[in-house]
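# Structural description and commentary
The lines below spell out each chain.
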Amino acid sequence: MEKTSTDTLPLTMISSGKQETICIFGTGDFGRSLGLKMLQCGYSIVFGSRNPGMSGLLPSGAEVLSYSEAAQKSDIIILTVHREHYDFLTHLTEGLNGKIMVDVSNNLKINQYPESNAEYLDQLLPGAHVVKAFNTISAWALQSGALDASRQVFVCGNDSKAKQRVMDIVRTLGLTPLDKGSLLAAKEIENYPLQLFPMWKFPFCLAAVLCVFFFFYGAVRDVIYPYVHEKKDSTFRLAVSIPNRVCPITALTLLALVYLPGVIAAILQLYRGTKYRRFPNWLDHWMLCRKQLGLVALGFACLHVLYTLVIPIRYYVRWTMNNRTIAQATTKKENPFITSTAWLSDSYLALGILGFFLFVLLGITSLPSVSNAVNWREFRFVQSKLGFLTLILCTAHTLVYGGRRFLSSSILRWYLPPAYIIALIIPCTLLVVKFILILPCIDKTLTRIRQGWERNPKFL
Ligand SMILES: NC(=O)C1=CN([C@@H]2O[C@H](COP(=O)(O)OP(=O)(O)OC[C@H]3O[C@@H](n4cnc5c(N)ncnc54)[C@H](OP(=O)(O)O)[C@@H]3O)[C@@H](O)[C@H]2O)C=CC1
Ligand SMILES: [Cu+2]
């Protein structure tokens, strides 16, 4: 069958046999970009403007009229005007009765006005059907086609037919509409573009605090202390040695913090005797940004791998090795091969490699394109079981690496315990608690408590 150009047009256009006309109020950046995109997708566009004569920058093919004339040309009007200027609409109320008014506006601050812009428009034009849409798409993205990250268009409105028509337009433009319900959702939709990485803030801040703390700790231990005691200049350690300690410690701590809220939640449910009560807000937020915490942790683990790979080519390392060999040769001292030391060194490396491999696997499966390809059970298996295995392997890697140091007498010096002990506290506690929690008897108690609650909701 031969493909016709109507294949890309919405149903309304196909059935009527002619292009559907959409009216855009406002000829600013967003109005122009949206108009151009809609023209390219087969719509006929009429702009409403204060100065219909000044239409130099507008896409060719579009008509420009006064606001009241343009309003008569279509029953869908996209309002690309800032909220502060909405008052001009009050002169057009009669002509706008029964029309679908699409509000695209954003604010400069979160919760800038008591009501959302869309609700405000609804109050101004009680006879029109207000639909909120397009506010999360930028004019630049519409023009450049760089929409890969933000194809989603949140839509909300009180009239479901009006909403459906706007969602059809969104689809025709190659975007994905997401129905967010009634106009009550407009406030949340308007706040959305003003948020800056809401789920990343906590992981980034936490990582920064951990890094600064462990870096400072490392500097005191490895640079300031040797300088004060032995007048030895070890400042070069600030470049590779200390960061290579900061990175794994931060990675391990963050990874442990990915799994800690799950354990706290389980303990909370046990304590409350029910799972049918909301968690406190802080725990809720913590649970929601576990993926981001894990990805930041993975970033630090990657850095640790890179820092470790360059160790053999470092001048300090080569100098130390050469000198040791020369000293051994001149003193004619033997250096016997110690199998246990070889085992220790190979074990911590093997644990590190396996831990890192699983860590990367966890990171990859958390990407939306990959997680969409596995079912819920598979996803849970990877994130929960493999996640814990990763934590166990990485903790074991740290423990084996520091094993001898833990046991040596020098551990009792004032600047100890070494930083990795601090890093190990959370994962070790976590693993012990998790182990206790999965003990069958506790599991049975949990089930019994839940059953009791279900039989008698006043159980608590
Ligand atoms: N720019 C963007 O990337 C995005 C913008 N938005 C929203 O779209 C709306 C328009 O944004 P944008 O196009 O960038 O803004 P502009 O300032 O570029 O354009 C606003 C337009 O509003 C019209 N207007 C009507 N009445 C007045 C008035 N009294 N004073 C000034 N202008 C008036 C003007 O058109 P005319 O001169 O023809 O009357 C003007 O061109 C805003 O609500 C914004 O929040 C939403 C998502 C992204
Ligand atoms: Cu390591």
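Residues numbered from 1 in each chain as written. Chains lettered and ligands numbered in written order. Predicted model: local features only at pLDDT ≥ 70, side-chain atom pairs only at ≥ 80, totals over all residues.

Convention followed: UniProt positions are given in the numbering used here, feature names are shortened, and annotations may be inferred rather than shown by experiment.
In the nomenclature of an unreviewed UniProt entry, the protein corresponds to STEAP4 metalloreductase from the organism Catagonus wagneri. Looking at the protein in UniProt, the text filed under Sequence similarities (unreviewed entry) is "Belongs to the STEAP family." The UniProt entry for the protein carries this comment under Subcellular location (unreviewed entry): "Endosome membrane".

## Considerations on the overall build of the protein
Put simply, the test is: For the purposes of this entry, the term helix denotes a DSSP run of H or I that reaches at least four residues, the term strand denotes a run of E that reaches at least two, and both are numbered from the N terminus. With C-beta atoms placed from the backbone, a residue is buried if 20 or more other C-beta atoms are within 10 Å of its own, exposed if 12 or fewer are, and partly exposed between those counts. Each residue is represented by a C-beta atom placed from its backbone, and any two residues with such atoms within 7 Å are regarded as in contact.
Secondary structure assignment for the protein yields 18 helices and 8 strands. By residue count, 29% of the 460 residues in the protein fall in the buried class. Of the contacts made within the protein by residues no fewer than 6 positions apart, 71% connect residues no fewer than 24 positions apart.

## Some details on the site of ligand 1
To keep it simple, the criterion reads: Each residue gets a C-beta atom placed from its backbone. Should that atom fall within 6 Å of a molecule or strand, the residue is termed near it. When residues are grouped by polarity, Ala, Val, Leu, Ile, Met, Phe, Trp, Tyr, Cys and Pro land in nonpolar, Asp, Glu, Lys and Arg in charged, and all others, Gly among them, in polar.
Looking at ligand 1, there are 20 residues lining it, with T27, G28, F30, S49 and S105 nearest. In terms of residue count, the dominant contributor to the shell around ligand 1 is helix α2 (residues 29-40) (3 residues). Each residue belonging to the shell around ligand 1 can be placed in one class, and the counts come to 5 nonpolar, 13 polar and 2 charged.

## Considering the packing of helix α10 (residues 243-272) against helix α12 (residues 290-309)
Rules: Orientation is described by lines fitted to C-alpha atoms, with helices fitted over the stretch in contact, and by angles between N-to-C directions that extend from 0 to 180 degrees. Between 65 and 115 degrees an angle is taken as roughly perpendicular, under 35 as roughly parallel, over 145 as roughly antiparallel, and anywhere else as oblique. By the definition used in this description, the sense in which the near helix is turned from the far one sets the handedness, with an anticlockwise turn below a right angle giving left-handed and a clockwise turn giving right-handed.
For the pair α10 and α12, the least separation of the axes is 8 Å and the interaxial angle reads 155°. When the axis of α10 is compared with that of α12, the two are roughly antiparallel. Seen from above, α10 lies across α12 with left-handed handedness. Contact residues: P243, N244, C247, P248, T250, A251, L254, L255, L257, V258 and P261 in α10; R290, L293, G294, V296, A297, F300, A301, L303, H304, Y307 and T308 in α12. For the contact of α10 with α12, the per-class residue count stands at 16 nonpolar, 5 polar and 1 charged.

## As for the sheet that holds strand β3 (residues 63-66)
Test applied: Strand pairing is defined by DSSP finding a minimum of two bridges between the two strands.
Spatial ordering of the open sheet is given by β3-β2-β1-β4-β5-β6-β7-β8, a layout of 8 strands whose pairing is mixed. Sheet topology places β3 and β8 (176-179) at the edges, where each strand pairs with a single neighbour. Pairwise comparison of adjacent strand axes, ignoring direction, gives a mean angle of 30° for this sheet. Bridge count for strand β7 (residues 152-157) against β8 is 4 bridges, and the pairing is parallel. Across the sheet, V155 pairs through a bridge with D179, a residue of β8. Along the sheet face, α2 touches β1 (21-25), β2 (44-49) and β4 (76-79) and points at about 165° away from the line of β2.

## Considering α10
Definition in use: Any helix carries an expected span of 1.5 Å times its number of residues minus one. At every residue, the bend is computed as the angle between two fitted axes, covering the seven residues ending there and the seven beginning there respectively.
The first and last C-alpha atoms of α10 sit 43 Å apart over 30 residues, in line with the 44 Å expected at 1.5 Å per residue. The principal kink in α10, of about 30°, is found at Y259, preceding the proline P261 by one to four residues. G273 occupies a position one or two residues after α10 and carries a positive phi of about 75°.

## Observations regarding the environment of I353
Following the sequence through the fold, I353 ends up in helix α14 (residues 339-365). A tally of 13 C-beta atoms within 10 Å means that I353 is categorised as partly exposed. Taking C-alpha positions, I353 is 9.1 Å from C394, a pair spaced 41 residues apart along the chain.

## Side note on the pairing of strand β5 (residues 100-103)
Which entries qualify depends on this criterion: Looking down the strands as they point away from you, a crossover is right-handed if its path from the first strand over the helix to the second goes clockwise.
Burial of β5 is two-sided: the residues I100 and V102 facing one way and the residues M101 and D103 facing the other way are all buried. Bridge count between β4 and β5: 4 bridges; the pairing is parallel. Opposite I78, over in β5, you have V102 as the bridge partner. By the bridge criterion, 4 bridges tie β5 to strand β6 (residues 129-132) in an arrangement that is parallel. In the sheet register, I100 faces β6, and the bridge partner there is H129. Traced from β5 through helix α5 (residues 117-124) to β6, the parallel crossover comes out right-handed.

## Remarks on unusual backbone geometry
The phi torsion at F134 lies on the positive side, around 70°, for a residue other than glycine. As for its placement among the helices and strands, F134 is situated in the loop between β6 and α6 (139-144). Non-glycine residue K332 carries a positive phi angle of around 55°.

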